[in-house]
Amino acid sequence: MATATPSSSLQVDLPVQGMSCASCVGRVERVLKKLPGVQDASVNLATEQARIHFAGAADVPAAIAAIEKAGYSVPQHSLELQVQEMTCASCVGRVERILRKQPGVLNATVNLATERATVQVVDGVDVARLLAAVSKAGYPAQLLQADAPAATGSTAQRHAEESQHLQRELWIAAALALPVFVMEMGGHLWPAFHHWVHAAIGQHSSWLLQCVLTTLVLIGPGRRFYAKGIPALLRGGPDMNSLVAVGTLAAYGYSLVATFAPQWLPAGSTHVYYESAAVIVVLILLGRFMEARAKGNTSQAIQQLVQLQAKTARVRRGGQVMELDIAQVVAGDVLEVRPGERIPVDGVVLEGRSFVDESMLSGEPVPVEKTDGAPLMGGTVNQQGALVMQATKVGADTLLAGIIRMVEQAQGAKLPIQALVDKVTMWFVPAVMAVALLTFVGWMVWGPAPALSLALVNAVAVLIIACPCAMGLATPTSIMVGTGRAAQLGVLLRKGEALQLLKDAKVVAVDKTGTLTKGKPELTDVLLAPGLDRTTVLAQIAAVEAKSEHPIARAIVEGAQAQGLALPAVDSFESLTGRGVRAQVAGVRVDIGADRWMAELGCDVALFAAEAERLGREGKTPLYAAIDGQLAAMIAVADPIKPSTPAAIAALHQLGLKVAMITGDNRHTAQAIAQQLGIDEVVAEVLPGGKVDAVQRLQAQYGTLAYVGDGINDAPALAQADVGVAIGTGTDIAIESADVVLMSGDLQGVPRAMALSQATMANIRQNLFWAFAYNVALIPVAAGVLYPFNGTLLSPMFAAGAMAMSSVFVLSNALRLRRFMPSI
């Protein structure tokens, strides 16, 4: 992908698609050679490769932009890397900068909570080079397969192992540090204890014992801080480990001098701070231990989804039923599912009848009845009857696997609000070290005696109390927990950015058919002329409509069959375009159609005028039937509103949102539906392109817009909206165009998603406020700013405890989202 040439330039090879002749080659070469910093460029038509020689840093994005502007394309894709041993926001910034410097990398974002890097690269990039660059910086990295959601399980296991390792080191460090703390600080609390130590073992012997125990703490459990922090400092990229390393070594080194070469120190400043170095290590290990445990909990939602995957399946093969590992099941296999078992893979029912609990995927608690031909989703639970099913999707193609991938991708996202944090944390650790140095110099110049001791203590306190960990964890942990909780509620956030945009929405635009309504016409009303029998007339009408393929006709037939009516034989069926249908049924002529068809037949529909007006107001479509030339009945068909729709619209209004309906249906029906539901604005009789125009107009009028739809014709509007919300029971195209997917097909998921968005963003703001306010408030205190007023100084031990607790607070606050329940 990239190599260094003898002339110290950098060579980058880019794939180029769309070239067809020598003139294309020449055009690409010309646009590349015009770019600043490009020494030379050559293009090979046969291999479809452009070789570019840069003088100095390679500006690959500029080269790609030039190629695309010339009318050609550079294939790109994303990589997911697992990056270990990052401890704070400074680590995140460093890994991002390293990745972005690599040839062929267009962008890189790193998430501290998920320990993953998402890297946008051109095709053909040397992945081994990327991994080596990150690993060389001290962060072991490996490539994750895009279709391996189960990687979350290994991440959780690593968090558990890290937690156990930290717990073991914490106990060792605490056992070694406790005697040091008691010997040095006990005398400050109880003067008699101080005199006893001096009488029993002597001051110097006490210092020697403290030196031995503290040395064991630093080279044992505390070694991790120096192994990471010192190299990072020498590379010019200090991190949290560097702050701890410099702070504890300063206290330890000063104590060594006081113990073994006190003559080097000014009079009156011979003190030891072994207890500070030892206890700082203990407290920070405690914080890391609690942080590791909390991190494991943040991904609990995905772990629960992974655990839903069945391990084995009962498969019919070769006339036998055998239990196979789930990885051996292939599409087309026939499987048996017993009551109480999980559905192994996605498929359809071949035999049997049962109820299946799909709540873990849809968020809906009511089990769904399954009969022949009904779809089944892997991971759901068969409750009562035995089922025989045929596998249609297995492995990474199942709905559950797709959900896990979507949630993982959303959890790894960076919200726009994170941009400020990134800018601050890039300079945070160097700034803290500068403040610590200024603190030391200030106390040495203006501080009271013993100036050296006070300067050292306060500089160490500044180094220790600073906490970029909390800054780095503030946003990603809330995103992880929030998106995981959303998945449990049946709301899939395909893009993490949707979390922030949903909160900002001012208007929700919804499609009508399949979103507000069931999307399938149903027979709703049957009104008869006086003296006629309902059963007989409806059976005759349905018998005629059974010969038609029109959706309204099917709705009438299904309505009659649902009432248990037997349909008589039909002769001489005829479809009259633009009018209706007619046929002979049991010796009588039956005509069915709109009022204009009845007028042609000489039938006066005034009998049903009042009811027809009422049905029209309700958004129903009236049809008339005549038997042997006499008006017999008026029937109505409608696409009924989903039972959950009115509550969902009310909940959106409760959140202060405007609701607009955009539909291709006629204005009269759309207005009737809107009036029933209290919808604020109606845009009717629009084509798919018109839906995009309507979305743009609403965006200009109200601001940030969320669009909810389910059909192919909704895909352009979903893409145009600030946040596209797809009904999970809709088409794949609509789902792929959306930012949010409602698994249950229930519009109630929209206010749920918006309420969760508001809760998550509030949680992020709380975390960021704490992380920044903590440092703004306590770093000056640690530096001794209060000393001239009330004599307050902050012990490095208390600074270590406060620093450790700040990260734990941020994580604990994010974990509150696991219990979030929408109140609407």
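Residues numbered from 1 in each chain as written. Predicted model: local features only at pLDDT ≥ 70, side-chain atom pairs only at ≥ 80, totals over all residues. Heavy atoms only, no water.

Chemist: Now, about the overall build of the protein: what can you tell me, with residues and values included?
Modeler: Across its full length, the protein carries 30 helices and 30 strands. Sequence separation of 24 or more characterises 68% of the internal contacts of the protein that already satisfy a separation of 6 or more. Summing over all exposed atoms, the protein offers an accessible surface of approximately 34,800 Å²; the carbon and sulfur share of this is 58%. (Helix = DSSP H or I, 4+ residues; strand = E, 2+ residues; numbered from the N terminus. Contact = heavy atoms within 4.5 Å. Areas by Shrake-Rupley, 256 points an atom, 1.4 Å probe, with all protein chains shown as cover.)

Chemist: Account for the pairing of strand 25 (residues 630-638), with residues named and values stated.
Modeler: Counted residue by residue, strand 25 has eight buried out of nine residues, so it is predominantly covered. Bridge count for strand 20 (residues 522-528) against strand 25 is six bridges, and the pairing is antiparallel. Bridged to Leu 527 within strand 25 is Met 634. As defined by bridge partners, strand 24 (residues 621-627) adjoins strand 25 across seven bridges and the pair is classed as antiparallel. (Buried < 20%, exposed > 50% of the residue type's maximum accessible area, 1.4 Å probe, protein only. Pairing = 2+ DSSP bridges.)

Chemist: Give a description of a nonpolar patch on the surface that names residues and reports values.
Modeler: Taken together, the side chains of Leu 437, Val 441, Met 444, Val 445 and Trp 446 present a nonpolar region at the surface, about 560 Å² in accessible area. Judged by its relative accessible area of 56%, Leu 437 is exposed. (Patch = residues over 30% accessible without salt bridge, like charges linked within 9 Å, V, L, I, M, F, W, Y side chains within 5 Å. Salt bridge = Lys/Arg side-chain N within 4 Å of Asp/Glu carboxyl O.)

Chemist: Hey, could you go over the pattern of salt bridges for me, with residue numbers and the actual values?
Modeler: This model, assessed by the stated rule, comprises 17 salt bridges. Where Asp 333 meets Arg 317, a salt bridge forms, and the shortest distance between an N and an O atom there is 2.6 Å. In this pair, Asp 333 sits in the loop between strand 10 (320-325) and strand 11 (334-337) while Arg 317 sits in strand 9 (residues 312-317), placing the two residues 16 residues apart along the sequence. Residue classification places Asp 333 among the buried positions, given a relative accessible area of 9%. On the accessibility criterion, Arg 317 (29% relative accessible area) is partly exposed.

Chemist: Help me get a handle on the UniProt feature "transmembrane region" (unreviewed entry) in the protein, residues and values and all.
Modeler: When the UniProt feature table is mapped onto this chain, "transmembrane region" (unreviewed entry) is found at residues 170-190, 196-219, 240-260, 272-290, 424-446, 452-475, 768-787 and 793-815. Structurally, residues 452-475 is divided into 92% helix and 0% strand, and its ends, taken at the C-alpha atoms, are 40 Å apart. (UniProt positions renumbered as here; feature names shortened; annotations may be inferred.)

Chemist: So what's going on with the packing of aromatic side chains? Which residues, and what values?
Modeler: Tallied over the entire structure, the rule returns five aromatic pairs. Plain terms: the ring middles of Tyr 252 and Tyr 274 are 6.2 Å apart, the flat faces sit at 65° to each other, and that makes the pair edge-to-face. One end of the pair, Tyr 252, is in helix 9 (residues 240-260); the other, Tyr 274, is in helix 10 (residues 274-298), with 22 residues separating them in the sequence. Like Tyr 252, the residue Tyr 274 is buried in the burial classification. Ring pairing ties together the aromatic residues Trp 770, Tyr 774 and Phe 809, which thus form one cluster. (Phe/Tyr/Trp six-rings, centres within 6.5 Å; stacked < 30°, edge-to-face > 60°.)

Chemist: Give a detailed account of the environment of Val 95, specifying residues and quantitative values.
Modeler: Its place among the elements puts Val 95 in helix 3 (residues 89-101). On the basis of relative accessibility, which here comes to 0%, the residue Val 95 falls in the buried class. Counting along the chain gives 39 residues from Val 95 to Val 134, while the straight-line C-alpha distance between them is 6.4 Å. If we ignore the near neighbours within four places in the chain, the residues touching Val 95 are Val 83, Met 86, Val 110, Val 134 and Tyr 139.

Chemist: Tell me about unusual backbone geometry, residues and numbers included.
Modeler: Ala 449 connects to Pro 450 through a cis peptide bond whose omega is -5°. Residue position: Pro 450 is located in the loop between helix 14 (418-446) and helix 15 (451-465). We note that Ala 586 has phi near 50°; this positive angle belongs to a residue other than glycine. Tracing the sequence through the fold places Ala 586 in the loop between strand 22 (580-585) and strand 23 (588-593). Relative accessible area serves as the criterion here: at 66%, Ala 586 is assigned to the exposed category.

Chemist: Tell me what's going on with the nonpolar core, and back it up with residues and numbers.
Modeler: Formed by 136 residues in total, the largest nonpolar core has its most connected members in Leu 99 and Val 119. Per-element accounting of this core gives the leading share, 14 residues, to helix 28 (residues 749-783). Residues within four places of Val 119 in sequence aside, it is in contact with His 77, Ser 78, Leu 79, Leu 81, Leu 99, Val 105, Asn 107, Ala 108 and Leu 130. Of all hydrophobic cores here, the second largest spans 26 residues; its members include Val 544, Ile 592, Ala 625 and Ile 627. (Core = buried A, V, L, I, M, F, W, Y, C linked by side-chain atoms within 4.5 Å.)

Chemist: Please provide a residue-by-residue account of the confidence of the model for the protein, values included.
Modeler: With 89% of its residues at a pLDDT of 70 or more, the protein has an overall mean of 83. Under a pLDDT of 50 for its full length, residues 147-152 has, in the predicted model, 14 contacts with residues more than four places off or in other chains. (pLDDT = per-residue confidence, 0-100.)

Chemist: Outline the packing of helix 23 (residues 645-654) against helix 28, supporting the account with residue identities and numerical values.
Modeler: Taken N-terminus to C-terminus, the directions of helix 23 and helix 28 make an angle of 30°; their axes are 8 Å apart at the nearest point. It follows from the interaxial angle that helix 23 and helix 28 lie roughly parallel. For the pair formed by helix 23 and helix 28, the contact residues are Ala 648, Ala 651 and Leu 652 on the first element and Val 750, Pro 751 and Met 754 on the second. Among the residues forming the contact of helix 23 with helix 28, the class breakdown is six nonpolar, no polar and no charged. (Axes fitted to C-alpha atoms, helices over the stretch in contact; angles between N-to-C directions. Parallel < 35°, antiparallel > 145°, perpendicular 65-115°, else oblique. Nonpolar A, V, L, I, M, F, W, Y, C, P; charged D, E, K, R; others polar.)

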